[in-house]
Amino acid sequence: MNTSGPALGRGLRLIPFRGLRYVPERVGSLAAVTSPPYDVVVRPDGLHHLESADPHNIVRLILPQAGTAAARHRQAADTLKRWLAEGVLAPDPVPVLYVYEQRAGDILQRGVIGALALSPASEGVVLPHEDVMADVVEDRADLMRTVGAHLEPLLLSYAGDGGRSGTTAVIERVVERVPLLTTTTEDGFSHRLWAVTDPEEQAEIESDLSHHQALIADGHHRWATYLRLQQEQSGPGPWDFGLVLLVDTARYPLRVRAIHRLLHRLPVERALGALDGGFRVRPVDGPLDRALDALAEAAEESNAFLLAGDGRFHLADRPDGELLARTVRADRPAAWRALDATVLHSTLLDDVWGIPDTPEEIAYIHDAAAAVEQAERHGATAVLMHPVREDVVRDLARQGITMPRKSTSFGPKPATGLVLRSLDVD
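It should be emphasised that the depicted structure is a prediction, and the values quoted were computed from it without experimental measurement. (Residues numbered from 1 in each chain as written. Predicted model: local features only at pLDDT ≥ 70, side-chain atom pairs only at ≥ 80, totals over all residues. Heavy atoms only, no water.)

## Digging into the overall build of the protein chain
Of regular secondary structure, the protein chain possesses 15 helices and 21 strands. In terms of overall size, the protein chain behaves like a compact globule, its C-alpha atoms giving a radius of gyration of 22 Å where 426 residues would be expected to give roughly 22 Å. Across the 426 residues of the protein chain, 55% fall into the buried class. Taking the contacts inside the protein chain whose residues are at least 6 apart along the sequence as the reference set, 80% of them involve residues at least 24 apart. Accessible surface computed for the protein chain: about 17,800 Å², of which carbon and sulfur atoms make up 49%. Measuring between centres, the 44 positive side-chain charges of the protein chain sit 2 Å from its 60 negative side-chain charges. (Helix = DSSP H or I, 4+ residues; strand = E, 2+ residues; numbered from the N terminus. Rg over C-alpha atoms; globule rule 2.2 N^0.38 Å. Buried < 20%, exposed > 50% of the residue type's maximum accessible area, 1.4 Å probe, protein only. Contact = heavy atoms within 4.5 Å. Areas by Shrake-Rupley, 256 points an atom, 1.4 Å probe, with all protein chains shown as cover. Lys, Arg positive; Asp, Glu negative; His and termini not counted. Charge placed at Lys NZ, Arg CZ, Asp CG, Glu CD.)

So, in structure tokens, the structure goes:
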């Protein structure tokens, strides 16, 4: 991705906004009201855990529970309105940019949260790398439209020069100051947030980012939702901007993990039987970490998948060349054709197993152990994936080629609930 190409004013445009934040005195703790992004929450167990953590947990806004979609979205809007009236959430007094830090062990990530000017992929400013599903975008759009707020920031990456200039210089000055908030979530990550209020520092960030373009690391459906809602508006306004976290990966490299599949209605025995002749299938020893090591080793040589759900682990690799030639599109680059996600969707799901990509059939789970546990509990099949390399993702994005949805999980992801953006306030 060419991050030095855009001329001034044609790259990223990040502006300050009045963030909505929890009032610490009105909640049990900031950690108790946060959540992972909506699509990372493992349901129903993780959802129930978050709901019980604090009556004001943000999950009640991002994943409201009711009988119909319309009722869920109205419930979220009513909840947000009530929390604002009660002083549980309150807007910051003036528009600012926010410096956000996440730290755990040797992992350190810092970036800037702001309102980013929207642009279609054709302009080459914000580049998607994954496909999206229309029904998910429609649901998120209905929620955002009803609530009138951006509830969680997308994670976008850009490549700076790796030095201490521009945005990085501002960040490293700001983190020496007293933060707005500090909390540690149950996953062991500490979170700190600062407000950038100095107009000169805001201008320094804006000028620097105007020379860059970004890759959507996490939040493709929410970005597509932003664009859809913008198109509905009759004139300029707050819908022309979306809530994002921008991270310079030359300074703070992201981690890339796989997203696993849970095939609700496919028992492992039937899944393995259908692979006969099309893949090499062999058992591998547990525990899970050891089995994932075997998957990683196999993935160096060919497409490889780890199947689980019957109390054992089964490695499927070395797909038949004729099967791939018949099932994988020939009009895409070789790197796309070789993706495990491509082979999984085009060859296994569409052809070998005949499973449609719908929520009734497939769940997408970020945690391998959770995928295996749910598969074993429900007699389903977990398909564990090996992560794709970040350079492959960027190269395809440069070419305008999107990968199958949920092909990657970039992180660490921003905690949901630390700062929101109200379209009414903004």
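## Some remarks on the pattern of salt bridges
Applying the stated rule across the entire model yields 30 salt bridges. A salt bridge links Glu373 to Arg377, with the shortest nitrogen-to-oxygen separation between them at 2.7 Å. Of this pair, Glu373 and Arg377 both sit in helix H14 (residues 368-378), 4 residues apart, roughly one helical turn. Using a relative accessible area of 43% as the deciding quantity, one classes Arg377 as partly exposed. (Salt bridge = Lys/Arg side-chain N within 4 Å of Asp/Glu carboxyl O.)

## Focus: helix H10 (residues 288-299)
For the α-helix, the turn length of 3.6 residues means that residues three or four positions removed from each other point alike. Compared with an ideal rise of 1.5 Å per residue, which puts 12 residues at 16 Å, H10 spans 16 Å between its outermost C-alpha atoms and is within 8% of the ideal. Taken residue by residue, H10 has Leu288, Ala291, Leu295 and Ala298 as its buried positions. Down the axis of H10, the smallest arc covering the buried residues is 80°, so these residues share one side. Facing away from the buried side of H10, by more than 90 degrees, are the exposed residues Asp289, Arg290, Asp293 and Glu297. Those residues of H10 that are buried are in contact with strand E15 (280-284), strand E16 (304-308), strand E17 (313-317), H14 and strand E19 (381-384). (Expected span 1.5 Å × (residues − 1). Arc of directions from axis to C-beta.)

## Considerations on the packing of helix H6 (residues 166-174) against helix H7 (residues 199-209)
Where H6 contacts H7, the axes come no closer than 7 Å and their chain directions differ by 145°. Residues Gly166, Thr167, Ala169, Val170, Arg173 and Val174 of H6 form the contact with H7, whose own contacting residues are Glu201, Glu204, Ile205, Asp208 and Leu209. Here the contact of H6 with H7 is composed, by residue class, of 5 nonpolar, 2 polar and 4 charged. (Axes fitted to C-alpha atoms, helices over the stretch in contact; angles between N-to-C directions. Nonpolar A, V, L, I, M, F, W, Y, C, P; charged D, E, K, R; others polar.)

## A closer look at unusual backbone geometry
In this chain, Gly286 is followed by Pro287 through a cis amide linkage whose omega measures 5°. Looking at where Pro287 falls in the secondary structure, it is placed in the loop between E15 and H10. Look at the link from Gly411 to Pro412: it is a cis peptide, with omega at 5°. Relative to the elements of secondary structure, Pro412 occurs in the loop between strand E20 (409-411) and strand E21 (420-422). Phi is positive for Arg318, close to 50°, though the residue is something other than glycine. Tracing the backbone shows Arg318 in the loop between E17 and helix H11 (321-327). Positioned with a positive phi, Lys406 is a non-glycine residue whose angle comes to about 60°. Its location among the elements puts Lys406 in the loop between helix H15 (390-398) and E20.

## Re empty space enclosed by the protein
Taken as a whole and judged by the stated rule, the model has 3 cavities of 30 Å³ or more. By volume, the largest cavity amounts to about 110 Å³. Lining the largest cavity are 13 residues, with Asp39, Asp218, Gly219, His220 and Lys406 sitting closest to its centre. Elements represented by at least two residues in the lining of the largest cavity include exactly strand E11 (214-218) and helix H8 (220-232). Top element by residues in the lining of the largest cavity is H8. It accounts for 3 residues. A class-by-class count of the residues in the lining of the largest cavity yields 3 nonpolar, 5 polar and 5 charged. If you add up the space inside the second largest cavity, you get close to 50 Å³. Together, Ile62, Arg140, Leu143, Met144, Leu151, Glu152 and Arg222 line the second largest cavity. In terms of residue count, helix H5 (residues 134-147) provides more of the lining of the second largest cavity than any other element does, 3 residues in total. (1 Å grid on protein atoms, 1.4 Å probe; cavity = no way out; pocket = protein on both sides within 12 Å on 5 of 7 lines; lining within 4 Å. Points joined across faces, edges and corners; volume = space filled by probe spheres on them.)

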